[in-house]
Amino acid sequence: MAKRKTLAAIADEAGVSMPTVSKVLHGRSDVSADTRERVGRLLRQYGYPPPGRGHRPPGGGQIEFVINELDNPWAAELIRGAEAALRPEGVGLVVSAVHKDEVQAERWGRALRERGSMGAILVLSELSAAREADLRENGIPFVIVQPSTDARADAPSVGSTNWHGAYAATRHLAGLGHRRVAALMGPAHRHSPRTRLHGYRAALQDAGLPFDPDLVRHGTYDRGPARSLMHELLDLPQPPTAVFAGNDLQALGVYRALRERKLSVPDDVSVVGFDDLPFTQWITPELTTVRQPLDEMAAVAARMVVRLARGEQPESVNLELPTTLVVRESTGPASVTPPSR
């Protein structure tokens, strides 16, 4: 058996396009007999499974779900949505955590090829050029969920309306009379936090409020860092009376910091989160938050991967699903007396 070549190299040798090679590999019938025989011979020569076996169309096979970490309720919602969408198709879901480690990601890439998976759903803070090239060269279709960079026509993705969600949260707080509205954002270099910050700033402007950079803090999407950042905000000469947190876990960190200062939510400080994870209805007070349809985002991504694996093109390459403000108990009118330091 000859040394295994990438699907891109096989397409070049066969004188056809990459989509044609993918169709033959996945057992599609809409390829001429001569082309199917020529491409199939090369696939066998270079160690690929028989057409329709290793990379199986719906009715069998599996899709990879790749995420940085699993110890996050955000991940559970996404996995649940992807699995529910694939179950009627008879397609399994293989979950891998790469822990933001390029070596782990490389190992996963090798394992994916060996497993002959149909495609991949990627929920990664960064997709390296090497991993993307590897997927493309091996003809493995992928869809990115909540991409960390601006949408690209050559990289299918499913996200949410981050700008509108942040705008709605901030306008809600401004409408309650808050004039010092802080924002806890995720890492500044990533697409979602940048977009949410733009929505936050637009809402302040429309409400006639000045933008104060001292009220903005960037950190990781977790409780501990958010707690520390909230203490920094409370130490300002003019602390905020309301906080828009970049996700629900950050909101938990805000709750903790306020409790440590013996401040009340929402009497002293109002809090809004982002995601609407299940626990937001089980904490006290129940969290006002922006619902991001995580399960549906993953379901749409899963169906896109299936279509790509069949050699079909999705109707839209880069989708954004709508966000919705869910008002609960953690927001209220601005306090006459600002929080004491």
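If you're wondering where the values come from, they're calculated on a predicted model, not measured in any experiment.

(A) Local environment of the packing of helix α7 (residues 162-175) against helix α8 (residues 191-206). Running from N to C, α7 and α8 point in directions that differ by 40°, and their axes come no closer than 7 Å. Viewed along their axes, α7 and α8 adopt a mutual orientation that is oblique. The handedness of the crossing between α7 and α8 comes out as right-handed. Facing α7, whose interface residues are N162, W163, A166, Y167, T170 and R171, α8 presents S192, T195, R196, H198, G199, Y200, A202, A203, L204 and D206.

(B) Highlighting the environment of S148. Within the fold, S148 resides in the loop between β4 (142-145) and β5 (157-160). For S148 and H191, which are 43 residues apart along the polypeptide, the C-alpha to C-alpha distance reads 4.8 Å.

(C) View of the sheet that holds strand β2 (residues 92-97). Spatial ordering of the open sheet is given by β2-β1-β3-β4-β5-β11, a layout of six strands whose pairing is parallel. Each edge of the sheet is formed by a strand with only one pairing partner; in this case those strands are β2 and β11 (318-321). For this sheet the average axis-to-axis angle between neighbouring strands, irrespective of direction, equals 20°. One ladder, built from two bridges, connects β4 with β5; its direction is parallel. Pairing of I144 across the sheet is with S157, part of β5. Relative to the sheet, helix α11 (residues 294-309) contacts β1 (62-67), β3 (119-123), β4, β5 and β11, its axis offset from that of β4 by approximately 165°.

(D) The packing of aromatic side chains, seen in detail. In this structure the tally under the stated criterion is three aromatic pairs. Relative to F211, the ring of Y200 lies with its centre 6.4 Å away and its plane at 80°, an arrangement referred to as edge-to-face. Here Y200 is found in helix α8, whereas its partner F211 is found in the loop between α8 and β7 (216-218), with 11 residues between them in sequence. When its relative accessible area of 0% is taken as the criterion, Y200 is described as buried. Ring geometry for F244 and F274: centres 6.3 Å apart, planes at 50°, overall tilted. Residue F244 is found in strand β8 (residues 242-245), and its partner F274 is found in strand β9 (residues 270-275); the two are separated by 30 residues along the sequence. Here F244 and F274 have matching classes, each one buried.

(E) Examining the pairing of strand β6 (residues 181-185) more closely. Counting buried positions along β6 gives five out of five residues, so the element sits mostly inside the fold. Along β6, one buried face is formed by V181, A183 and M185 and the opposite face, lined by A182 and L184, is buried too. With four bridges joining them, β6 and β8 adopt parallel strand pairing. Note that in β8 the partner of V181 across the bridge is A242. Pairing of β6 with β7 involves three bridges; the strand directions are parallel. When the bridges of β7 are listed, A183 appears paired with V216. Tracing the backbone out of β6, into α8 and back to the parallel element β7 gives a crossover that is right-handed.

About the thresholds
- Residues numbered from 1 in each chain as written.
- Predicted model: local features only at pLDDT ≥ 70, side-chain atom pairs only at ≥ 80, totals over all residues.
- Heavy atoms only, no water.
- Axes fitted to C-alpha atoms, helices over the stretch in contact; angles between N-to-C directions.
- Helix = DSSP H or I, 4+ residues; strand = E, 2+ residues; numbered from the N terminus.
- Parallel < 35°, antiparallel > 145°, perpendicular 65-115°, else oblique.
- Left-handed = near helix turned anticlockwise from the far one by under 90°.
- Contact = heavy atoms within 4.5 Å.
- Pairing = 2+ DSSP bridges.
- Phe/Tyr/Trp six-rings, centres within 6.5 Å; stacked < 30°, edge-to-face > 60°.
- Buried < 20%, exposed > 50% of the residue type's maximum accessible area, 1.4 Å probe, protein only.
- Right-handed = clockwise from strand over helix to strand, strands pointing away.

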